[in-house]
Amino acid sequence: MQKTLVLGVIGADVHAVGNQILNYAFTDAGFHVVNLGVMVSQEEFIEAAIESAADAIIVSSLYGHGELDCQGLRDKCDEAGLKGILLYVGGNIVVGKQPFEEVRQRFLDMGFDRVFGPGTPPEAGIAALREDLADR
Amino acid sequence: MRAILLIDFGSTYTKLTAVDLSAPRVLGSAQAFTTVASDISLGLEQALARLEAATGHIQYEARLACSSAAGGLNMVACGLVPGLTSKAARLAAFGAGAKVIRTFAYQLTDEDMAQLARIQPDILLLCGGIDGGNSEVILHNAARIASAPGDYPVLVAGNRAAQAECVRLLEQGSHPVYTAPNVMPEMNTLNIEPAAEVIRQIFLKRIILAKGLGRAQRLLDGILMPTPAAVLKALRLLSKGTGDEAGLGDLIGVDLGGATTDIYSIARGEPASPTTIMRGLPEPLAKRTVEGDLGMRYNALGIQEAVGAAALAQLSGQDEDAVQAYVVHCDSQPETLPGDETQRQMDRALAISAVGTALARHAGTLERVYTPMGPMHEQRGKDLSQVRQVVVTGGALVYAMDLQQIMEQALRRQEATALTPRQAGLMVDRGYILSAMGLLADTHGAVALRLMKDIIGREEAYAAV
Ligand code: B12
């Protein structure tokens with residue numbers, strides 16, 4: 001069955017180009033994409049995931065405030081009954097000179113299933129989704 | 001002459017408007033008490049006799065009617081997320097001319113089912129899930145409603161993938177089942193017109209008979225729609241015009257009644273500034289809301305609960321005890337007419353509060369939010385702050401001597417975040433022609449537009465904050 005993804009750029013982030021590319025790439029790969037565009041709040045991700053019975057929420061953050069914006073998203077998903085929904089994050093989530101592995105760990109601790117560093121192409125996300133959703 | 005008779009079976013009065021389509025002009029109007037309890041056609045015949053006394057005998061080529069008699073059309077709306085499909089369901093019901101008694105979200109609980117059993121709506125609208133989305137909740141709810149007592153019709157307009165199964169579940173119960181396309185087929189995309197149309201058909205087929213309006217039905221070419229649906233059509237036509245003739249542009253309609261306060265807006269209401277972020281479901285161009293707890297008589301207590309006795313006291317210049325006593329009196333004796341100047345002042349305070357509160361609930365809000373990028377503005381719902389025209393209908397306002405003051409105060413009393421108009425020209429539907437013109441809108445739009453512009457299109461007063 002076709003899998004549904006909720007896609008959006010979180011927080012007050014207006015970087016729209018990457019979002020369009022991801023929308024195109026994921027749709028092309030056979031997913032049903034519910035694209036919320038830019039400046040998406042945590043609540044909007046969650047409500048869209050409920051109404052669309054989404055299999056995954058794909059969060060982008062490009063402007064450098066991703067950590068702040070993403071805090072508590074997993075908890076809210078649990079609260080809203082979206083138990084075990086896949087949570088991915090990607091974009092420019094590393095700020096300054098921090099090593100990516102440390103950043104990745106912090107996002108994993110926040111409850112994200114996969115964390116993609118700067119410059120990750122959409123194909124990497126698609127491959128991961130295929131793997132993670134294969135047995136669901 | 002090509003005469004057509006337009007009838008509005010109201011809760012209290014049956015109102016007639018005779019129109020000559022060829023002139024075009026209003027030939028005459030008349031009204032009589034609505035007689036639902038005995039035989040609805042008695043009131044109609046009485047009104048007709050009065051009309052003919054003024055106009056002489058007329059051969060009508062058609063007789064069309066709308067009705068809000070016998071309590072109007074009462075609905076319950078069910079959806080999934082409160083701000084998404086539950087809201088879409090409400091908007092669909094409002095657009096169809098219904099009063100929404102109760103809105104449910106998520107799985108119906110035992111407590112919800114007990115409420116539903118008490119409410120016994122005229123129609124239940126069951127939604128939930130975008131197409132291909134969540135079907136678990138709507139199926140759960142369909143199964144529960146199937147075993148709910150009553151024989152009110154259920155309209156299923158949710159996730160397309162769950163529709164057939166919902167129908168199958170519901171057909172095992174005592175409710176007639178209807179279907180319409182999803183009110184929110186995709187995320188943040190409303191599609192409420194088809195569901196509203198099916199609600200109208202159910203109204204025609206069943207509700208009219210159930211409410212004892214069937215006798216009148218035979219005297220007419222049809223009761224076409226609930227009265228508020230006709231008013232919405234009329235306002236939309238007045239705003240948008242026809243292909244050949246321009247309308248008046250963005251406008252708001254206010255109908256303050258004894259039991260409810262209805263607000264209409266025909267406006268896109270998009271953010272005024274490009275830096276404003278839109279949040280939540282986009283709303284329909286032609287939007288109607290009904291406040292079932294705000295009415296000058298049956299719901300005077302509701303007005304007091306909404307704004308507080310202190311505010312009513314301040315607005316009327318009376319003390320709180322006097323206000324509270326009057327409110328209780330109005331609520332228990334809805335036929336009350338203001339006896340003296342003091343009571344007129346209190347009625348004025350009630351009107352200001354009802355209209356102000358209903359406008360605030362209808363319009364959107366603009367809030368300042370703090371983000372890592374600095375302060376920004378978030379808009380929810382429609383921005384009506386730039387709308388400059390208000391059409392006033394309904395006895396409580398149309399006959400108010402201080403209409404201008406009432407509207408001005410209602411606009412002034414808004415929170416800073418409310419996207420209600422700051423100033424507006426007031427047009428008044430003195431001849432109660434809006435519903436009649438709504439009945440004509442589909443078949444004789446040009447005539448209806450011409451008559452509305454002539455009769456109510458003139459600005460009578462100006463209210464500014
Ligand atoms: C264009 C641009 C802007 C435009 C955006 C216009 C618009 N509406 O889109 C404007 C001028 C508005 C802008 C503003 C700002 N920008 Co700017 N902007 C850029 C710029 C030059 C290009 C962005 C772009 O379109 N890239 C092309 C797309 C295709 O790539 P992408 O966005 O990275 O997305 C891809 C990948 O990240 C990945 N991806 C994204 N999400 C996910 C998720 C998953 C799961 C996966 C697998 C992959 C994935 O796939 C996407 C598609 O290939 C970048 C620098 C750069 N070269 O990237 C800076 C950049 C993103 N901006 C930056 C900054 C700091 C800002 C501002 C804060 C500047 C300021 N002080 O005002 C503001 C923020 C405004 C806001 N509220 O968001 C920084 C961010 C630094 C950081 N994160 O540490 C950057 C990196 C520039 C820099 N080197 O300093 N910006």
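Numbering of residues starts from 1 in every chain and runs along the sequence as written. Written order determines the labels here, with chains lettered from A and ligands numbered from 1. Whole-chain, interface and lining totals are the exception, using all residues; otherwise, since this is a predicted model, local features are given only for residues with pLDDT of at least 70 and side-chain atom pairs are given and counted only at 80 or more. Just so you know, side-chain values use all the structure's heavy atoms and leave hydrogens and water out.

## Digging into the overall build of chain A
- Along its length, chain A carries six helices and five strands.
- The secondary structure listing takes helices from DSSP runs of H or I that are at least 4 residues long and strands from runs of E that are at least 2 residues long, numbered from the N terminus. Scanning chain A from its N terminus toward the C terminus, one meets helices and strands in the order β-α-β-α-β-α-α-β-α-β-α.
- Against the 2.2 N^0.38 benchmark of 14 Å for 136 residues, chain A shows a C-alpha radius of gyration of 13 Å, consistent with a compact globule.
- For chain A, the C-alpha atoms occupy an extent of roughly 40 × 30 × 30 Å along the three principal directions.
- When accessible area is computed with a 1.4 Å probe and restricted to protein chains, residues below 20% of their type maximum are described as buried, those above 50% as exposed, and intermediate ones as partly exposed. Within chain A, the proportion of its 136 residues that are buried is 51%.
- Only heavy atoms matter for contacts: two residues are in contact if any of them lie within 4.5 Å across the pair. Within chain A, counting contacts between residues at least 6 apart in sequence, those at least 24 apart form 75% of the total.
- Carbon and sulfur atoms make up 54% of the accessible area of chain A, which totals about 6200 Å². A radius of gyration in this sense is built from C-alpha atoms; the matching globule rule multiplies 2.2 Å by the number of residues raised to 0.38. Computed with a 1.4 Å probe, the accessible areas rest on the Shrake-Rupley method; for each residue, only the protein chains presented here act as cover.

## Some points on the overall build of chain B
- The helix and strand tally for chain B stands at 16 helices and 19 strands.
- Radius of gyration (C-alpha) of chain B: 22 Å, near the 23 Å computed for a compact globule of 465 residues.
- Along the first, second and third principal axes, the C-alpha atoms of chain B reach 60 × 55 × 50 Å.
- For chain B, with 465 residues in total, the buried portion stands at 56%.
- Partitioning the intrachain contacts of chain B with sequence separation of at least 6 by distance along the chain shows that 71% fall at a separation of at least 24.
- Accessible area of chain B: about 18500 Å², with a carbon and sulfur share of 49%.
- Averaging the positions of the 41 positive and the 48 negative side-chain charges in chain B gives two centres separated by 3 Å. A residue counts as positive if it is Lys or Arg and as negative if it is Asp or Glu; His and the chain ends are not included. Here the site of a charge means NZ on Lys, CZ on Arg, CG on Asp, or CD on Glu.

## Some thoughts on the packing of helix α9 (residues 300-307) of chain B against helix α12 (residues 341-362) of chain B
Residue and element names in this part refer to chain B.
- Whenever a helix is involved, its axis is fitted only over the stretch in contact; in every case the axis is a line through C-alpha atoms, and angles between N-to-C directions fall within 0 to 180 degrees. Where α9 meets α12, the closest approach of the two axes is 10 Å, and the angle between their N-to-C directions is 65°. When the axes of α9 and α12 are compared, the pair comes out roughly perpendicular. Crossing hand, α9 versus α12: left-handed. Counted together, Ala 300, Ile 303, Ala 306 and Val 307 of α9 and Leu 350, Ser 353, Ala 354, Thr 357 and Arg 361 of α12 form the full contact between these two elements.
- Throughout this entry, Asp, Glu, Lys and Arg are counted as charged residues, while Ala, Val, Leu, Ile, Met, Phe, Trp, Tyr, Cys and Pro are counted as nonpolar. The remaining residues, Gly among them, count as polar. For the contact of α9 with α12, the residue count by class is six nonpolar, two polar and one charged. Roughly parallel refers to an angle under 35 degrees, roughly antiparallel to one over 145, roughly perpendicular to one between 65 and 115, and oblique to any angle outside these ranges. Left-handed is the label given to a crossing in which the near helix is rotated counterclockwise from the far helix by less than a right angle, and right-handed is the label when the rotation is clockwise.

## Considering the coordination of the cobalt atom of the ligand
- Inspection of the coordination sphere of the cobalt atom of the ligand shows a single protein donor, His 15 of chain A (NE2), at 2.3 Å.
- Here His 15 of chain A lies in the loop between β1 (4-9) and α1 (17-28). Shown as donors are all N, O and S atoms within 2.8 Å of a metal ion, widened to 3.2 Å for Na, K and Ca; because water is not in the atom set, sites may appear incomplete.

## A word on the site of the ligand
- The criterion for a residue being near a molecule or strand is simple. One of its heavy atoms has to lie within 4 Å of it. Around the ligand, 24 residues are found, and the nearest of them are Ala 12, Val 14, His 15, Ala 16 and Ser 60 of chain A.
- Neighbouring residues of the ligand are distributed over chains A and B.
- Distance and chemistry together define a polar contact, namely a pair of N or O atoms within 3.5 Å, with one atom able to donate a hydrogen and the other to accept it when in protein, and with adjacent residues in sequence counting only for side-chain atoms on both sides. The contact in question runs from an oxygen atom of the ligand to an N or O atom on the side chain of Asp 13 of chain A, over 3.4 Å.
- Among the secondary structure elements, those contributing two or more residues to the shell around the ligand are α1, β3 (56-61), β4 (86-91) and α6 (122-133) of chain A.
- Counting residues per element, the shell around the ligand draws most heavily on α1 of chain A, which supplies four residues.
- Its residues assigned to classes, the shell around the ligand comprises 14 nonpolar, nine polar and one charged.

## Here's the deal with the side chain of Asp 20 of chain B
Residue and element names in this part refer to chain B.
- Position of Asp 20 among the secondary structure elements: in strand β2 (residues 13-20).
- Of the polar contacts made by the side chain of Asp 20, one reaches the side chain of Ser 22; its length is 2.7 Å.
- The contact partners of Asp 20, leaving out residues within four places of it in the chain, are Met 1, Arg 2, Ala 3, Arg 25 and Leu 27.

## Examining α9 of chain B
Residues and elements named next belong to chain B.
- Every buried residue of α9 is listed here: Ala 300, Gly 302, Ile 303 and Gln 304.
- Looking at the buried side of α9, the elements it contacts are α10 (309-316), α11 (320-332) and α12.
- Backbone geometry just downstream of α9 places Gly 308 in the positive-phi region, at approximately 95°.

## Description of the pairing of strand β11 (residues 251-256) of chain B
Residue and element names in this part refer to chain B.
- Most of β11 is tucked away: five of the six residues are buried.
- Following DSSP output, two strands are said to pair if at least two bridges run between them. When β11 meets strand β12 (residues 261-266), the two strands line up antiparallel, connected through six bridges. Looking across to β12, one finds that Asp 255 is bridged to Asp 262.
- In this structure, the hairpin formed by β11 and β12 is closed by a connection of four residues.
- Looking at chain direction, β11 and strand β17 (residues 389-393) are connected through four bridges and run parallel. Looking at the pairing, Asp 255 lines up with Thr 393 of β17.

## Comments concerning the domain arrangement of chain B
Residue and element names in this part refer to chain B.
- Looking at the assigned domains, one finds that chain B contains domain 1 (3-69 + 214-220), domain 2 (73-205) and domain 3 (234-463).
- The centre of domain 2, based on its C-alpha atoms, is set 28 Å off from the matching centre of domain 3.
- Taken together, the contact pairs 15 residues of domain 2 with 11 residues of domain 3.
- We define buried area as the total accessible area lost by two parts upon association, computed with a 1.4 Å probe and summed across both. Between domain 2 and domain 3 the total buried area reaches about 1000 Å² when both faces are included, carbon and sulfur atoms providing 65% of it.
- When a carboxyl oxygen of Asp or Glu lies within 4 Å of a side-chain nitrogen of Lys or Arg, that pair is called a salt bridge. One can count one salt bridge joining domain 2 with domain 3.
- Where Glu 283 meets Lys 87, a salt bridge forms, and the shortest distance between an N and an O atom there is 2.6 Å.
- At the junction of domain 2 and domain 3, the tally comes to three residue pairs in polar contact (both at pLDDT 80 or more).
- It is helix α2 (residues 82-95) that provides the largest number of residues to the side of domain 2 that touches domain 3, a total of seven residues.
- A breakdown of the residues in the side of domain 2 that touches domain 3 according to their chemical character gives nine nonpolar, three polar and three charged. Note that domain bounds follow an automatic or database assignment of domains.

## Brief notes about the environment of Leu 36 of chain A
- Its location among the elements puts Leu 36 of chain A in the loop between β2 (32-35) and α2 (42-52).
- Linking Leu 36 of chain A and Val 6 of chain A, residues 30 residues apart in sequence, is a C-alpha distance of 7.3 Å.
- Sequence-distant contacts of Leu 36 of chain A, that is, excluding residues within four places in its chain, are made with Val 6, Leu 7, Glu 44, Phe 45 and Ala 48 of chain A together with Met 187 and Asn 188 of chain B.

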